Amino acid sequence: MGDDPARLYRLDGVAHIAEVINEEVAGLYHLARLNDRWFRLDEALDVAYQLGLPMDGRYMSGCLSEFHIYIEGGRPAWVWFQELLGVIPPPSQVQKYAVNCSWFQETFGECPEDADDDTVRRYARAYIMILLGTQLFADKSGNRIHIRWLPYVARLEELGTYSWGSAALAWLYRCMCRVANRHVVKLAGPLQLLQSWIFWRFPRFRPAGYEELSWPLASRWSGYNPSGSEKGPRVQMWRLRIDRLQDREFIWMPYSSPDVLQVVHPEVLEPRHMALWRSVTALIYFAVIEWHQIDRVLPQLTRE
């Protein structure tokens, strides 16, 4: 990832806004079912602003049978796991090609103060795998870390060359499509992105007392953890609020205010990024391929 602290896109930026998300709060399921015009507006821009992740770069793809193309000589997956992380999980902590998150947390919970460079790199790899497996690309279990990330953490200095933002957006799109099925009862994916997007664009849904802005913008809600009590009445209340939404209650351009521009990283404002956010292209996350079809949204707004 490089040693430059001023670098715009750092995976560890997501950790500062990764909080427990109550699945009923803010009516996430019902907002996911709204017409596409509500969500598919400047989505790539939203990922960059909200999470500080890059939209340009190499796509995320590959499979376990191709590990040999990423490391010289080729090694079995679990042999490579031990070489990169310095330890192998016990069989009770492994489910096919996924490792229980609790094992990662217990094993790599705190890096020793006197750790050498190799140890620090092992802990960094484990931390990034936890971040990817539980925040950006979480499944419904929320407690398993897939070892598909080994090729990416093998060379830490190359992590910044991948399009993490487009992959996270592709996975969120797929998860939102799945949850639109009334038989699906849990929503997976980068929910901190969806929650922050809702709070930024729907003022009525924002929690009170979170006025200080920082970068990335989703860190504004850091520490927000709603109570799980009175589940039924709360869900009914949010459903009613969503049903009564008016166009004027939606902020179409939340990032244009001077207060936001003061905290946004200057690289985000470069013209090359604007061209990227307006592009019609495929968003790729392994077997998940979703289209970024901004051309289907703009006519709704411009009437052209």
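Because the structure is predicted, anything quoted here is derived from the model rather than measured.

**Q** Let's hear about the overall build of the chain: which residues, and what values?
**A** Of the regular secondary structure elements, the chain holds 13 helices and 5 strands. Counting every position in the chain, which comprises 304 residues, the buried fraction comes to 46%.

**Q** Describe the sheet that holds strand 1 (residues 94–95), naming the residues involved and giving the relevant values.
**A** With respect to topology, 3 strands assemble into an open sheet ordered 1-2-3, the strand pairing being antiparallel. Strand pairing shows two members of the sheet lacking a second neighbour, strand 1 and strand 3 (144–146), which therefore form its edges. Two elements, strand 2 (residues 98–100) and strand 3, share 3 bridges in a ladder whose sense is antiparallel. Looking across to strand 3, one finds that Ala-98 is bridged to His-146.

**Q** Requested: an account of the pattern of salt bridges, with residues and values cited.
**A** Enumeration over the complete set of coordinates arrives at 7 salt bridges. Between Arg-174 and Glu-290 there is a salt bridge; the shortest N-O distance is 2.7 Å. Remark: Glu-290 occurs in strand 5 (residues 288–292) and Arg-174 occurs in helix 8 (residues 164–179); sequence separation between them is 116 residues. Judged by relative accessible area, which is 12%, Glu-290 ranks as buried. Glu-211 is paired through a salt bridge with Arg-220; the nearest N and O atoms lie 3.5 Å apart. For Glu-211, a relative accessible area of 60% puts it in the exposed group.

**Q** Residues and numbers for the pairing of strand 4 (residues 281–285), please.
**A** The pairing of strand 4 with strand 5 spans 5 bridges and is antiparallel. Each residue of the ladder has a partner; that of Leu-283, found in strand 5, is Glu-290. Between strand 4 and strand 5, which pair antiparallel and follow one another directly, the connecting turn spans 2 residues, one of which, Phe-286, has a positive phi of 55°.

**Q** Tell me about the packing of aromatic side chains, residues and numbers included.
**A** For the coordinates displayed, the defined rule picks out 32 aromatic pairs. Ring geometry for Phe-137 and Tyr-285: centres 4.5 Å apart, planes at 10°, overall stacked. Highlighted residues: Phe-137 in the loop between helix 6 (117–136) and strand 3 and Tyr-285 in strand 4, separated in sequence by 148 residues. Accessibility assignment for this pair places Phe-137 and Tyr-285 in one class, buried. Look at Trp-197 and Phe-250: their rings are 6.0 Å apart centre to centre, the planes differ by 55°, and that puts the pair in the tilted class.

**Q** Could you give an account of the confidence of the model for the chain, with specific residues and numbers?
**A** Low-confidence regions, as indicated by low pLDDT, have predicted coordinates that should not be scrutinised in detail. For the chain, the average pLDDT comes to 78, and 77% of its residues sit at 70 or higher. Within the model, pLDDT remains below 50 along residues 1–41, and this stretch shows 118 contacts once partners closer than five positions in the same chain are excluded.

**Q** Now, about a negative patch on the surface: what can you tell me, with residues and values included?
**A** A cluster of acidic side chains, namely Glu-110, Glu-113, Asp-114, Asp-116, Asp-117 and Asp-118, defines a negative patch on the protein surface. By the element assignment, Asp-114 lies in the loop between helix 5 (101–107) and helix 6.

**Q** Outline unusual backbone geometry, listing residues and values.
**A** Only a minority of non-glycine residues have a phi that is not negative, and only a minority of peptide bonds are not trans. The amide bond that connects Trp-215 to the next residue, Pro-216, takes the cis arrangement and shows omega of -5°. Phi at Phe-286 is positive, roughly 55°, even though this residue is not glycine. Of note, Phe-286 is situated in the loop between strand 4 and strand 5. Since its relative accessible area comes to 15%, Phe-286 is described here as buried.

Parameters and conventions
- Residues numbered from 1 in each chain as written.
- Predicted model: local features only at pLDDT ≥ 70, side-chain atom pairs only at ≥ 80, totals over all residues.
- Heavy atoms only, no water.
- Helix = DSSP H or I, 4+ residues; strand = E, 2+ residues; numbered from the N terminus.
- Buried < 20%, exposed > 50% of the residue type's maximum accessible area, 1.4 Å probe, protein only.
- Pairing = 2+ DSSP bridges.
- Salt bridge = Lys/Arg side-chain N within 4 Å of Asp/Glu carboxyl O.
- Phe/Tyr/Trp six-rings, centres within 6.5 Å; stacked < 30°, edge-to-face > 60°.
- pLDDT = per-residue confidence, 0-100.
- Contact = heavy atoms within 4.5 Å.
- Patch = residues over 30% accessible without salt bridge, like charges linked within 9 Å, V, L, I, M, F, W, Y side chains within 5 Å.
- Areas by Shrake-Rupley, 256 points an atom, 1.4 Å probe, with all protein chains shown as cover.
- Lys, Arg positive; Asp, Glu negative; His and termini not counted.
- Charge placed at Lys NZ, Arg CZ, Asp CG, Glu CD.

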